Amino acid sequence: MALLEVKKLGISFGGLRAVDDFSMTIEKGQLYGLIGPNGAGKTTIFNLLTGVYKPTDGTIRLDGVNITGKSTIEINKAGIARTFQNIRLFSNLSVLDNVKAGLSNHYAYSTATGIFRLPGYFKKEKAMNERAIELLKPFDLQDDAETLASNLPYGKQRKLEIARALATEPKLLLLDEPAAGMNPKETAGLMDTILTVRDEFGVTVLLIEHDMFLVSGICERLSVLNFGQLLCEGKTGDVLSDPEVIKAYLGE
Amino acid sequence: MKKFLKGATGKSFITYAMLIIAFTAVQITVSGGHASNMFQGLLVPFCVYSIAAASLNLTVGILGELSLGQAGFMCIGAYSSALFSVCTKETITSAWIRFPIAILIGGFFAALFGVLIGIPVLRLRGDYLAIVTLAFGEIIKNVFAALYVGYDSRGLHFSLTSQGDLGLEPDGKMLINGALGISGTPKDSTFIIGFIVLLITMIILYNFINSRTGRAVMCIRDNRIAAESIGLNITKYKLITFGLTAFLAGVAGALFSHNLSILQASKFDYNLSILILVFVVLGGIGNIRGSVIAAVVLTYLPEVLRSINNYRMLMYSVVLIVMMIFTSNDKIRGFFSASLMKLKGLIFKNKAVKEGE
Ligand SMILES: Nc1ncnc2c1ncn2[C@@H]1O[C@H](COP(=O)(O)OP(=O)(O)OP(=O)(O)O)[C@@H](O)[C@H]1O
Ligand SMILES: [Mg+2]
């Protein structure tokens, strides 16, 4: 059974049909790319998958469960976590606390336990700290644990967002332009990190990216979106050599 | 050690230490007979306003929502606790048992109203909380000012019009007498109890902020969309925070009412809510310790300045402006800390030179 099954997804903003009749199937463990020109509707698809927008048409199934129309919180609990195109960190919190926030639902203790510092508080906080450091390591952020998130350099902020998303133990990880603003060396490092994360944490990855070096380097399959519609879908090599795709990217 | 003091736990311990030192200093001054009557009369209000301001900072600074109804919650806490004490002062004679119960009752009813208001309002985005709490504070004040409650052998009687309307039997007893409020509340609020309650309040606030819940609340403040994306239940955490703020405001109200022989609702007006908000803003939004310092300084100052009556308000406003600049302007704060560092460097360098000689 496929991990993610999207059927005939669609949404309109007023008169604008931002996504139309979009279908996609992602198998467990795949590294999948979603590409397309600016304004094609890629981020909108992420917002539909995570419940930020409610689709006007179509269904979304995760691991066989219908999650269409569910809230963002429920969808995260069902197993989808994401990063954002415009970085959205908890900027006044430390790097460690950003990740610990992601761990919050898995290391739960009551508010009263926290206020009265009952034994559960110390146990859970200790476990959370250890797990958070473990999550920072693949991103080489463990030495920045006490740094304020907003004081991190841009590239590290993007990595921290991935670590935070992973903390929620997702089945499917959505990355919106993870390499944006990175130099080629940083991008190469990020590609390694994404592969390691996929293998180590056993997540399935769906990523949006304009950087073709990254896309052709690590994505196994691609879907190409153009004006909200699926242009073509298939193995990375086949898709990138498709004349239709080249035309959509380069214009007539 | 230095790292510890800079961390979250360290910060809270510095605050506890500061409070205990201040308390000890005051106790020594008072027992030595060096404190004026005016100063002694302000000791309980210091605690009341510190608790009210620090707890409001939880909603304003940590949750990032504006609340203009702190006086309303204090009012509920003041009335419910005073009512309890008036009714039980003959049966429970020990203040050490009666007053803690009264304080908890005050906190409980304030929190109850906080949650009731919060459920519809905190789901919304935008400044609705400010509008609703503003209205709430005024409504509470006016309802209590018009409330008549008494009891006799037939039980409790309520009225919103007049004392006569209650139809009390001749041996009946008035509990709440409209605009005249509640009288005969035992004066259980002492500085020692006020201080203990303040210290417990600070421990609750710091422990809350440095826990899973507090972290979630700050995440919501910093970025609501990201907080949702990692599965944090926005409404739940907002409600808990606002409820805790209301609870502590109720506790402050209970301390307040047990410090007065006559409790009147008119005290809990809009100006009081704003005054407490001023403490929060001037002490630094999100800075719990700052709220306490601002509350104490700005409660003390107008009284001290009474002696130079004509310039009182002028001085007061100058202090307000200076504090505002100090606490909210990063550049000026940076300038002062930089010059402090330079000064330190100068002193230490001189020392080094001397040692070298
Ligand atoms: N909330 C919204 N209201 C109205 N229009 C929207 C909204 N969100 C997206 N759109 C529109 O939908 C279209 C697709 O936007 P989207 O952000 O999904 O593009 P994208 O493929 O992610 O582009 P980019 O590569 O630049 O990030 C755009 O025309 C955008 O203006
Ligand atoms: Mg986009």
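Residues numbered from 1 in each chain as written. Chains lettered and ligands numbered in written order. Predicted model: local features only at pLDDT ≥ 70, side-chain atom pairs only at ≥ 80, totals over all residues. Heavy atoms only, no water.

Student: What is the right way to read the overall build of chain A from this model?
Tutor: When you go through chain A residue by residue, the secondary structure sums to 10 helices and 10 strands. Computed over the C-alpha atoms, the radius of gyration of chain A is 19 Å, within 12% of the 18 Å expected from 2.2 N^0.38 for a compact globule of 252 residues. Its C-alpha atoms give chain A principal-axis dimensions of roughly 65 × 40 × 35 Å. Considering only contacts in chain A between residues 6 or more positions apart, those separated by 24 or more positions represent 66%. Approximately 10800 Å² of chain A is accessible, and the part contributed by carbon and sulfur atoms is 52%. For chain A, the distance from the average position of its 28 positive side-chain charges to the average position of its 31 negative side-chain charges is 6 Å. (Helix = DSSP H or I, 4+ residues; strand = E, 2+ residues; numbered from the N terminus. Rg over C-alpha atoms; globule rule 2.2 N^0.38 Å. Contact = heavy atoms within 4.5 Å. Areas by Shrake-Rupley, 256 points an atom, 1.4 Å probe, with all protein chains shown as cover. Lys, Arg positive; Asp, Glu negative; His and termini not counted. Charge placed at Lys NZ, Arg CZ, Asp CG, Glu CD.)

Student: What should I look at first to understand the overall build of chain B in this one?
Tutor: The helix and strand inventory of chain B stands at 14 helices and five strands. Accessible surface, chain B: about 17100 Å² in total, of which carbon and sulfur atoms supply 68%.

Student: Teacher, can you tell me more about the environment of Ile60 of chain A here?
Tutor: Residues and elements named next belong to chain A. The topology assignment puts Ile60 in strand 4 (residues 57-62). Taking the C-alpha atoms as reference, Ile60 lies 7.8 Å from Leu9; in sequence the two are 51 residues apart. If we ignore the near neighbours within four places in the chain, the residues touching Ile60 are Leu4, Glu5, Val6, Leu9, Leu48, Leu49, Val65, Asn66, Ile67 and Thr68.

Student: What exactly am I supposed to notice about the confidence of the model for chain B here?
Tutor: Keep in mind that low pLDDT regions are not for reading the predicted coordinates in detail. Residue and element names in this part refer to chain B. In this model, chain B carries an average pLDDT of 87, and 89% of its residues clear a pLDDT of 70 or more. This model gives residues 351-357 a pLDDT under 50, and the stretch forms zero contacts once residues within four places in sequence are excluded. Interface confidence for the predicted complex, given as ipTM, is 0.94, next to a pTM of 0.90. (pLDDT = per-residue confidence, 0-100.)

Student: Explain the site of ligand 1 to me, please; I cannot follow it from the model alone.
Tutor: Residue and element names in this part refer to chain A. The environment of ligand 1 is made up of 14 residues, and the closest members are Gly39, Lys42, Thr43, Thr44 and Gln85. At 3.2 Å, a backbone N or O of Ala40 approaches an oxygen atom of ligand 1. The side chain of Thr43 places a nitrogen or oxygen atom 2.7 Å from an oxygen atom of ligand 1. Contact with the protein chains removes 64% of the 640 Å² of surface that ligand 1 exposes when unbound. Elements represented by at least two residues in the shell around ligand 1 include exactly strand 2 (16-26) and helix 1 (42-49). Ranked by residue count, the leading element in the shell around ligand 1 is helix 1, at three residues. (Near = heavy atom within 4 Å. Polar contact = N/O pair within 3.5 Å; in protein donor to acceptor, adjacent residues only side chain to side chain.)

Student: Explain the interface of chain A and chain B here, please?
Tutor: Note: interface size is frequently given as the accessible area lost on complex formation between the parts. Contacts between chain A and chain B engage 30 residues on the former and 27 residues on the latter. Carbon and sulfur atoms make up 58% of the surface buried where chain A meets chain B, a total of about 2400 Å² over both sides. Of all residues in chain A, Ile73, Phe90 and Ile115 of chain A give up the largest surface area on contact with chain B, accounting jointly for 23% of the area buried on that side. A salt bridge links Asp97 of chain A to Arg215 of chain B; its shortest N-O distance comes to 3.6 Å. (Buried area = accessible area lost by both parts, 1.4 Å probe. Salt bridge = Lys/Arg side-chain N within 4 Å of Asp/Glu carboxyl O.)

Student: Explain the pairing of strand 1 (residues 148-152) of chain B here, please?
Tutor: In the case of a regular strand, side chains alternate between the two sheet surfaces. Residues and elements named next belong to chain B. Judged by how many residues are buried, strand 1 sits mostly within the fold: four of five residues are covered. Pairing geometry for strand 1 and strand 3 (residues 173-177), over four bridges, is antiparallel. Following the sheet pairing, Tyr151 is matched in strand 3 by Lys173. Bridging between strand 1 and strand 2 (residues 155-159) involves five bridges; their strand directions are antiparallel. Paired with Gly150 across the strands is His157, a residue of strand 2. (Buried < 20%, exposed > 50% of the residue type's maximum accessible area, 1.4 Å probe, protein only. Pairing = 2+ DSSP bridges.)

Student: Got a minute to help me understand the side chain of Lys42 of chain A in this structure?
Tutor: Residues and elements named next belong to chain A. Among the structural elements, Lys42 can be located in helix 1. For the buried Lys42, no salt bridge exists, and the shortest N-O distance to an oppositely charged side chain is 5.0 Å, to Glu177. Residues in contact with Lys42, not counting those within four places in the same chain, are Leu34, Ile35, Gly36, Pro37, Ile208, His210 and Leu225.

Student: For this particular structure, what's the right way to read the domain arrangement of chain A?
Tutor: All names here are of chain A. By domain assignment, chain A separates into domain 1 (1-79 + 172-183 + 205-252) and domain 2 (88-169). For domain 1 versus domain 2, the separation of C-alpha centres amounts to 28 Å. Of the residues lining the interface, 10 residues belong to domain 1; the matching set on domain 2 comes to eight residues. For the domain 1 and domain 2 pair, buried surface summed over both sides reaches about 680 Å², with 66% attributable to carbon and sulfur atoms. It is Asn76, Leu173 and Met182 in domain 1 that bury the most area against domain 2; as a group they hold 50% of the surface buried on that side. For the pair domain 1 and domain 2, the interface holds zero salt bridges. On inspection of domain 1 and its partner domain 2, the count reaches two residue pairs in polar contact (both at pLDDT 80 or more). For the side of domain 1 that touches domain 2, the secondary structure elements donating two or more residues are helix 2 (72-78) and strand 7 (172-176). In terms of residue count, strand 7 provides more of the side of domain 1 that touches domain 2 than any other element does, three residues in total. Residue classes in the side of domain 1 that touches domain 2 are distributed as five nonpolar, two polar and three charged. (Domains from an automatic or database assignment. Nonpolar A, V, L, I, M, F, W, Y, C, P; charged D, E, K, R; others polar.)

Student: Can you help me understand the packing of helix 3 (residues 37-63) of chain B against helix 10 (residues 234-257) of chain B in this one?
Tutor: The relative placement of two packed helices is expressed as an angle between their axes plus a distance between the axes. Residue and element names in this part refer to chain B. It is the contact of helix 3 with helix 10, at a shortest axis distance of 9 Å, that shows an interaxial angle of 170°. With respect to helix 10, the axis of helix 3 lies roughly antiparallel. Of the residues in helix 10, those touching helix 3 at Val44, Cys47, Val48, Tyr49, Ile51, Ala52, Ser55, Leu56, Leu58, Thr59 and Leu63 are Lys238, Thr241, Phe242, Leu244, Thr245, Leu248, Ala249, Ala252, Leu255 and Phe256. Residue composition of the contact of helix 3 with helix 10, grouped by class: 16 nonpolar, four polar and one charged. (Axes fitted to C-alpha atoms, helices over the stretch in contact; angles between N-to-C directions. Parallel < 35°, antiparallel > 145°, perpendicular 65-115°, else oblique.)

Student: Would you explain the packing of aromatic side chains in this entry?
Tutor: For any pair of aromatic rings, the description rests on two quantities: the centre-to-centre distance and the angle between the ring planes. Enumeration according to the criterion identifies 17 aromatic pairs over all chains in this entry. On the basis of an interplanar angle of 35° and a centroid distance of 5.3 Å, the ring pair of Phe23 of chain B and Phe191 of chain B is categorised as tilted. Here Phe23 of chain B, found in helix 2 (residues 8-31), pairs with Phe191 of chain B, found in helix 7 (residues 191-209); they are 168 residues apart in sequence, far enough to count as distant. In this pair, the class of Phe23 of chain B matches that of Phe191 of chain B, namely buried. An angle of 40° between the planes, with centres 6.3 Å apart, marks the rings of Phe113 of chain B and Phe136 of chain B as tilted. Placement of Phe113 of chain B in helix 5 (residues 95-121) and of Phe136 of chain B in helix 6 (residues 128-145) is noted, with a sequence separation of 23 residues between them. Assessed through its relative accessible area of 31%, Phe113 of chain B is described here as partly exposed. For Phe136 of chain B, a relative accessible area of 9% corresponds to the buried category. By the ring-pair criterion, three or more aromatic residues cluster together here, those being Phe73, Phe113, Phe136 and Phe242 of chain B. The lysine or arginine in question, Arg88 of chain A, covers the ring of Phe84 of chain A, its NZ or CZ lying 5.5 Å from the ring centre. Sitting over the ring of Phe90 of chain A, Arg164 of chain A keeps its end group 4.6 Å from the ring centre. (Phe/Tyr/Trp six-rings, centres within 6.5 Å; stacked < 30°, edge-to-face > 60°. Lys NZ or Arg CZ within 6 Å of the ring centre and 35° of its normal.)

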